[in-house]
Each structure stands twice: as C-alpha cells, then as structure tokens.
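Residues per chain, in single letters:
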Amino acid sequence: PADGGGKVLFDPMFDLSTTEAQQAVLETCHQLQTLECRVVGCDNAGYDTLMYQSDKKTHSCFLEDFRDWNGGMLPTGEDFEAKLLEFRTKAKAWNYTSEVLSDSSYENMIGFIDGKLRYVTIRIRSTMARDTPYSKGIEIRDLLQGWTDARVTEMPESLKSMKYHAYGIFSQ
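Criteria and cut-off values
The residue count restarts for each chain, going from 1 along the sequence in the order it is written. Local features in this predicted model are restricted to residues whose pLDDT is 70 or higher, and side-chain atom pairs enter the listing and the counts only when it is 80 or higher, whereas totals over whole chains, interfaces and linings include all residues. Only hydrogens and water are set aside; all other atoms, that is, all heavy atoms of the structure, feed into the side-chain values. Every helix listed is a DSSP run of H or I at least four residues long, and every strand listed is a run of E at least two residues long, numbered separately from the N terminus. Computation of the radius of gyration draws on C-alpha atoms, with the globule rule given as 2.2 Å multiplied by the number of residues to the power 0.38. Residue burial is assigned from relative accessible area. The probe radius is 1.4 Å, only protein chains are included, and a residue is buried under 20% of its type maximum, exposed over 50%, and partly exposed in between. Residue contacts are defined here by distance: any two heavy atoms, one from each residue, within 4.5 Å place the two residues in contact. For the purposes of this section, nonpolar cores are sets of buried Ala, Val, Leu, Ile, Met, Phe, Trp, Tyr and Cys residues that join through side-chain atoms within 4.5 Å. For a helix, the expected span equals 1.5 Å multiplied by the residue count minus one. Note: the arc covers the axis-to-C-beta directions of the helix.

Participant: I'm lost on the overall build of the protein chain in this one. Help?
Facilitator: Helix and strand counts for the protein chain stand at five helices and four strands. For the protein chain, the α and β elements follow one another from N to C terminus as α-β-α-α-α-β-β-β-α. Scaling as 2.2 N^0.38, a compact globule of 172 residues should have a C-alpha radius of gyration of about 16 Å, and the protein chain matches this with 17 Å. Along the first, second and third principal axes, the C-alpha atoms of the protein chain reach 45 × 40 × 30 Å. Buried residues in the protein chain amount to 40% of all 172 residues. Sequence separation of 24 or more characterises 62% of the internal contacts of the protein chain that already satisfy a separation of 6 or more.

Structure follows, in structure tokens:
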C-alpha cells in the first residue's frame, strides 16, 4: 500500500489455531515440496518437481519449524497465537533453513499486525531460473495458480483466502 496507495484487507476468518487448519497448512507444505512441474520453464532434469532439489533445505514451512521448536507439539486454541509469536520472536530461521532461500526471517513469514496473526507464508526455491523469459514463466504461473485454486477447495473456511505470490517474477 505504501508504494501504490492501496489498502491491505486481511481475511477476518483467518485462523490457524485449530488442528484442522494446522493439518491443512502442513499438507500444503508437503504438497508444495512434491508438486510436479513438467513445463519448459522448470529446470529440473532428473526429479520433475517445481521445488529445487538440493542437499540443502530449499523450503521453509514455518509450521513444521514451529512444531520442532516446540518439542514436536502444536498448540491449539487460545494458546496458539501467543506461542507462535514467541517462536517468531525467539527462533532463528537460519536454524531451520539454508542460504538457498533468501530472506527467510520469521518476521516476514509470520505476520502479526496490531498483535493479531494476519498472514503466514510457506516458501520454496523453485527450479525456475530468475532470468527465465516471461513467456516460459507463464506456464509455471498457471501451474501454481491451478494448484492453489485446487488446494483452496480443500482448505477449512479459516484458510480459504490462500494465495500464492512470486515476488513479481510473473509481472511483465
């Protein structure tokens, strides 16, 4: 909004404090790691996934990291947001990710606004090269949009506002 004068609208139904919502996010993380990409823009010979395969971690699923940090448990209900905020403040993303992902700070991935959880992000390093021509990237954008649309149909009501973004890579 600061650069374009728009206004951010957050989903008033967004809620990760239930087991159902948490399981949906964990499943989304898993599916994103294994999403097949067989279009021209994916440079993934030998493994066919959208996510780049490496001996280093190429994804960041904040909820997996939070669960690990919290002794293998995910709190629910009223305790969830306070504990997630503590994790966001105290945990260091570099303990859970690698340099393959740029800007993997929990402050950016877990969005508290005015003391309330408003958004979260799941990140991957894709197999699409940064210098991929726009025309080849369109197929990847369409793949991601189709996957996201299908995933939203499986989400609980509290997560129906799920979107994908690619830091403007698909902008012309």
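What follows continues from the structure just given.
Participant: Just checking my understanding: could you explain the nonpolar core for this structure?
Facilitator: General note: in soluble globular proteins, nonpolar side chains tend to be found buried as a group. If you look at the biggest cluster of nonpolar residues, it comprises 25 residues, and the most contacted ones within it are L16, L63, L84, Y106 and I110. If you look at the next biggest cluster of nonpolar residues, it comprises nine residues, including L32, L35, C42 and L144.

Participant: Please explain unusual backbone geometry as it appears in this structure.
Facilitator: Across residues other than glycine, the phi torsion is negative in most instances, and most of the peptide bonds are trans. Even without being glycine, D48 reaches a positive phi, approximately 60°. Take D48: it is sitting in the loop between α1 (19-34) and β1 (59-61). With relative accessibility at 29%, the residue D48 sits in the partly exposed group. Residue D114 is not a glycine yet carries a positive backbone phi of 50°. Within the element layout of this structure, D114 appears in the loop between β2 (110-113) and β3 (116-120). On the accessibility criterion, D114 (81% relative accessible area) is exposed.

Participant: Would you mind going over helix α3 (residues 79-90) with me for this structure?
Facilitator: Helical geometry: 3.6 residues make up each α-helical turn, so side chains three or four residues apart lie on a common side. For α3, with twelve residues, the first-to-last C-alpha span of 17 Å sits near the 16 Å given by 1.5 Å per residue. Looking only at α3, the buried set comprises F80, L84, F87 and R88. End-on view of α3: buried residues confined to an arc of 100°, all on one side of the axis. When the buried face of α3 is taken as reference, the exposed residues oriented beyond 90 degrees from it are D79, A82, T89 and K90. Where α3 is buried, its residues contact α1, α2 (62-69), α4 (106-109), β2 and β3.

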